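Understanding the architecture of this molecule
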Amino acid sequence: MSKPSSISDSFLTTNLSSTDLFLAIDQGGQSSRVAVYTHTGQHICSYSAACATQHHVVEDVVGDSAYPHIEQNPDEILSGIRECLHNIQQHLGDDVKRIKAASFAGQGSSLLCWDNKTGEALTPVLSWQDIRGEPYLNAVSLTHTQAQQLTGLRVSPHYGASKMRWCLDNNARVAQAQKDNRLSIGPIVSYVFWHLLDTRARGYDGVFVDPGHAQRTLLWNLQHNAWDQTLLDMFNIPRAVLPQCLYHNSHFGNLKLGDHLIPFTASARDQGASLFARGLPEPDSVYINIGTGAFIQRISDNLHAPDGLLISPLWFPYQANFSQTFLSSPMQVASPTCYANECEHEPVHKPLYAWEATVNGAASAMGFIKEQTGVDITPQKMEQALLLNPAGDCYFLNAVGGLSAPYWRTDLQPQFSRTLSPEQKILAWIESVIFQIVINVQLMNQLGATKKIIISGGFSKADAVCQKIADLTHANVHRSDNPDATVQGAACMAAGLPTTWVPPLQEDVFTPQPNTALQQRFEIWQRAMGDWLA
């Protein structure tokens, strides 16, 4: 059953009659969310429906190792979205006709196979966490450097290419659908669009994707804005089974809500959409979300990032003088249009990219830390540990889940410095996440000094975490824990990135302070990391 969020009924009754509205769908690992906003970013209503992620331990057909299959049910996802849309329609009543445009944000590396004639799912949704295709990566001669030059990414089983190959080799229904020319493989957004939008009524096959989702297949060329034939050949993926890639602000089709047709005018990967929650991202700001892992992003128009950072397409808008690679018919693309009544700016025409980094061992390391300390890791225990200021070596070399950006090593085991108490180990773990974030922020400073850090996520609720990041980066840290950032950013994209988008915001600001002891622990950690990596 879908659940409503808090709803501003007084706003609905007094102002809605003269206000344009924008709808956004956020498809996540645990829930589907649908929300409605005004052109200023004012939240009107939202509903959510659970969609669980299942873990199945099975023996991989390809290799000798057991790979857990991490999956979602595509029918559950679709029914949840439809239920949320129905509730939105019921709540708004006749005012549903004020919804001018809609958008989608989803998990970039989750994908599935389906019959593109009937829409029947042939596989579960293979989660971005699923790495069953890893043995295929050992069989291709693709280096990290080559992958980054072509796609902006590194070679990883989390991305789609190796999982697509696994499905083609190990699922009889998928193999038969390919023989019958009925097979589509793509990110979850493509499957949702096939089912929800009216593209087929307009004479198209209805299998579309945006650049952000396409990139996460590890098959999309960031330089040419197209599927890369060399990579397709390398992984033996037929081009015919992949979606057609359109611009982020394309007209993907129309969603029917009651008797009202809503144009879908934007689609993006969830982490990319979240940067637009406050409007157009600020070029001198770094955006950090610390949850299971830490995600660090900064917008750029520079495709040459420092070694160890990823590059992702945030906003590839349609424009007359931009590459026509995505186009097969002008009818498939909406020209940049501002749908809001009060929008008086020119739309953002140039492509926007993000330099990106990840830190794996944040909340995902809690189980390991509990084993090492014998202590239940609670917010209170973390707060107490963060107050410590130990003398001598106190560090953690954090390879839980793999040592990620900018080091990218999977062959190392986590290590603490010697003779630490349980509380000191908790401190060392949290500071290892902070230190790795700071290293990545320093790399991003090649775009210019970071003036502001906008932070969210569970770890950021600890004041000491925010203060330490401010102290080490010498930038103000603005904390606004916005659980709606992804769906709110997607709605902003649907609205055409209007300058009127100024959502209500409450935040705490942490200013840099001298912290000699913390700086010393950071330097000790860096030296220990250097020795460890060597």
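Residues numbered from 1 in each chain as written. Predicted model: local features only at pLDDT ≥ 70, side-chain atom pairs only at ≥ 80, totals over all residues. Heavy atoms only, no water.

If you look at the biggest cluster of nonpolar residues, it comprises 143 residues, and the most contacted ones within it are L23, L219, I290, W429 and I437. Among the elements that make up this core, the one with the highest residue count is helix α13 (residues 422-444) (13 residues). (Core = buried A, V, L, I, M, F, W, Y, C linked by side-chain atoms within 4.5 Å. Buried < 20%, exposed > 50% of the residue type's maximum accessible area, 1.4 Å probe, protein only. Helix = DSSP H or I, 4+ residues; strand = E, 2+ residues; numbered from the N terminus.)

We now examine the sheet that holds strand β25 (residues 508-510). Taken in spatial order, the seven strands make up an open sheet running β19-β20-β18-β17-β23-β24-β25, and their pairing is mixed. The open sheet is flanked by β19 (310-315) and β25, the only strands paired with a single partner. Mean inter-strand twist for the sheet, computed between neighbouring axes without regard to direction, equals 25 degrees. Pairing geometry for strand β18 (residues 294-300) and strand β20 (residues 352-359), over seven bridges, is antiparallel. Looking at the pairing, I296 lines up with A357 of β20. (Pairing = 2+ DSSP bridges. Axes fitted to C-alpha atoms, helices over the stretch in contact; angles between N-to-C directions.)

Time to look at the side chain of T151. Mapping T151 onto the fold places it in helix α4 (residues 144-151). Looking at T151, the relative accessible area reads 1%, which means it is buried. Polar contacts involving the side chain of T151 include one to the main-chain carbonyl oxygen of A147, which spans 2.7 Å. Leaving out residues up to four positions away in the same chain, T151 has contacts with Q215, L218, W220, L222, L231 and I311. (Polar contact = N/O pair within 3.5 Å; in protein donor to acceptor, adjacent residues only side chain to side chain. Contact = heavy atoms within 4.5 Å.)

Moving on, we get to the confidence of the model for the chain. In this model, the chain carries an average pLDDT of 88, and 88% of its residues clear a pLDDT of 70 or more. A low-confidence stretch, residues 6-14 (pLDDT under 50), is modelled with 17 contacts involving residues beyond four sequence positions or located in other chains. Taken as a whole, residues 320-346 scores under 50 in pLDDT and shows 77 contacts with residues more than four places along the chain or in a different chain. (pLDDT = per-residue confidence, 0-100.)

The subject of this paragraph is the packing of helix α11 (residues 366-373) against α13. Each pair of packed helices can be summarised by the angle the axes make with each other and by the distance between the axes. In the contact formed by α11 and α13, the axes pass within 9 Å of each other and the chain directions differ by 155 degrees. With respect to α13, the element α11 is oriented roughly antiparallel. Handedness of the crossing formed by α11 with α13: right-handed. Together, M366, I369, Q372 and T373 of α11 and P422, K425, I426 and W429 of α13 make up the contact between the two elements. Of the residues in the contact of α11 with α13, the class split is five nonpolar, two polar and one charged. (Parallel < 35°, antiparallel > 145°, perpendicular 65-115°, else oblique. Left-handed = near helix turned anticlockwise from the far one by under 90°. Nonpolar A, V, L, I, M, F, W, Y, C, P; charged D, E, K, R; others polar.)

With that out of the way, let us pick up helix α7 (residues 188-196). In terms of burial, α7 is a largely internal element, eight of the nine residues being buried. Looking at α7, one finds that the buried residues are I188, V189, S190, Y191, V192, F193, W194 and L196.

A separate point is the packing of aromatic side chains. Enumeration according to the criterion identifies 15 aromatic pairs in this entry. Each residue in the set F104, F193, F252 and F264 is aromatic and connected to the rest through ring pairs, giving one cluster. Directly above the ring of W166 sits R132, whose terminal nitrogen or CZ lies 4.6 Å from the centroid. Residue placement shows K425 over the ring face of F416; its charged tip is 5.3 Å from the ring centre. (Phe/Tyr/Trp six-rings, centres within 6.5 Å; stacked < 30°, edge-to-face > 60°. Lys NZ or Arg CZ within 6 Å of the ring centre and 35° of its normal.)

Okay, the pattern of salt bridges next. What the rule picks out here adds up to 18 salt bridges. A salt bridge links D301 to K350; the nearest nitrogen and oxygen atoms lie 4.0 Å apart. Separated by 49 residues along the polypeptide, D301 in the loop between β18 and β19 and K350 in the loop between β19 and β20 bring together distant segments of the chain. For the salt bridge of D376 with K370, the shortest nitrogen-to-oxygen distance reads 3.0 Å. Judged by its relative accessible area of 43%, K370 falls in the partly exposed class. What you see here is one network of salt bridges that share partners, running through E71, D130 and R132. (Salt bridge = Lys/Arg side-chain N within 4 Å of Asp/Glu carboxyl O.)

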